[in-house]
Amino acid sequence: MNSGSVMLVGGPGSGKTNYIARLWLAFQARKGALRADRLPTNIHYVNDAVRHLMALKFAPRSERNMEDGRHDFEVEVRGHGGAGAPRKISVPDITGELWRRAVETYELPQEWIDEFKGSSSAILFLRAHTRLNAQPMDWVTARDILQMHAGAMDDELDDDYEDEDEENIAPGAIAVAQPLVATAGQVVGVAEAGQDQSAAHTHAQPKTPTLPAQVGFCELLRYLELLLSDRPDGSRPRVAVVVTAWDMLDDDAKKAGPMQYLGKEFPLFAGRLQTPGRLDIELFGMSIVGGDLRGKLEFRESLKGRDLSEVGYTAVMRDGAMIEDPDVTLPIAWALGD
């Protein structure tokens, strides 16, 4: 029996946990290109995520201070709709909070490095339209705004700089500032003010700058390119980039496909994906249940009593057109080479 592992990579709130829950429902219903003959039973993390989904709720984010951020599981699968050879895969799922910490510190534990080197497949998750995706400053817009403010300030200060007293100063004369005379009480007051300002600076904590999301995506992709091993046949390692919450996009964005969406929202990352390298990359859109469970009540009501393995879809480009395929196993099946 062949064996392998698939790395699940993504920051906080990127949709990894909800994808695993929906994938598990597909495995249980034996639907999709990738099928599991038997499912492990000691997977409390996956079962908890499935329970949230069955209650028509998305699984919550991992805790910010979670140290035990590993949720690994193994499952035996067959590709080609269950007709392929059996393969045991392990899925080391590291929480988004720990991935973010790794990106911000540029440090990976040796255990993670070993996991990467033992795998030739990965799925990189990023979520559409989430506040957790920090956007970089738009320097073009910022330049225009700063120029507008600069022009307004010049207009306001014109009169201030045209001071008649300056014209009365003889050429070559030096204006000497008059010494400031203060009483003892006033001096103490100034000292106290200085102490107050010093204390304020001491207690004020500098705000940590937020790393733009697309820089983090590029860094995660760099880890994958550096550490993933070649496939057994010598071909390049495969990385499926999955844009979750695909159903939140408008119709035009859905028709244009993931690369067009990334090019508009994260141009730096889109350019990195299109740069030739040692990774074989494919893009997918993912809708877990076909809509937003946090949105309209009518949508949640429409799901009551339904088999959730029949809702949701994978958006994939075929023959130049975007197709919404009900098979949510497609990204992981492609990453495995099935």
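What counts as what
Chains are numbered independently. Their residues run from 1 in the order of the written sequence. Given that the model is predicted, a residue must reach a pLDDT of at least 70 before its local features are reported, and side-chain atom pairs must reach 80 or more before they are shown or counted; all residues, however, enter totals for whole chains, interfaces and linings. Derived side-chain values reflect all non-hydrogen atoms in the structure, with water molecules and hydrogen atoms excluded from consideration. Secondary structure is summarised from DSSP: a helix means a run of H or I of at least four residues, a strand means a run of E of at least two, and numbering begins at the N terminus for each. Relative accessibility decides the category of a residue: with a 1.4 Å probe and only protein chains considered, values under 20% of the type maximum give buried, values over 50% give exposed, and everything between is partly exposed. Per-residue and other accessible areas follow the Shrake-Rupley method at a 1.4 Å probe size, with only the shown protein chains counted as cover for residues. A pair of strands is considered paired only if DSSP assigns at least 2 bridges between the two. Detection works on a 1 Å grid of protein atoms alone, calling trapped sets that fit a 1.4 Å probe cavities and calling open sets with protein on both sides within 12 Å along at least five of seven lines pockets, with lining residues defined by an atom within 4 Å of a point. Grid points are joined across faces, edges and corners, and a volume is the space filled by probe spheres set on the points. Classes in brief: Ala, Val, Leu, Ile, Met, Phe, Trp, Tyr, Cys and Pro nonpolar; Asp, Glu, Lys and Arg charged; the others, Gly included, polar.

The name an unreviewed UniProt entry gives the protein chain is Double-GTPase 1 domain-containing protein, with Paraburkholderia caballeronis as the organism.

### Looking at the overall build of the protein chain
Helices and strands together make up the secondary structure of the protein chain, namely 13 helices and nine strands. Here the protein chain holds 338 residues, and the buried ones make up 41% of them. Surface accessibility of the protein chain: about 19,700 Å² in total, with carbon and sulfur atoms responsible for 52%.

### Section: the pairing of strand β8 (residues 313-318)
Moving residue by residue along a regular strand, the side chains alternate between the two faces of the sheet. Here strand β7 (residues 280-287) pairs with β8 via three bridges, running antiparallel. The partner of Gly-285 across the bridge, within β8, is Ala-315. Both β8 and strand β9 (residues 321-325) contribute to a ladder of five bridges, which runs antiparallel. Paired with Ala-315 across the bridge in β9 is Glu-324. Joining the antiparallel neighbours β8 and β9 is a turn of two residues, in which Asp-319 adopts a positive phi near 55 degrees.

### Some points on the layout of surface pockets
Sizing a probe to match a water molecule and rolling it over the atoms shows the empty space that remains. Volume-wise, the second largest pocket comes out at about 450 Å³. The wall of the second largest pocket is formed by 24 residues, among which Pro-12, Arg-100, Leu-132, Leu-211 and Ala-213 lie closest to the centre. Of all the secondary structure elements, the ones that give two or more residues to the lining of the second largest pocket are α3 (96-105), β5 (121-127) and α8 (213-227). Here the residues of the lining of the second largest pocket sort into 12 nonpolar, seven polar and five charged.

### Some thoughts on unusual backbone geometry
Residue His-129 is not a glycine yet carries a positive backbone phi of 50 degrees. Residue placement: His-129 occurs in the loop between β5 and α5 (139-161). Its relative accessible area of 48% is what places His-129 among the partly exposed residues. Positive phi values are uncommon outside glycine, yet Ala-245 reaches one of about 60 degrees. By secondary structure assignment, the location of Ala-245 is in the loop between β6 (238-244) and α9 (251-256).

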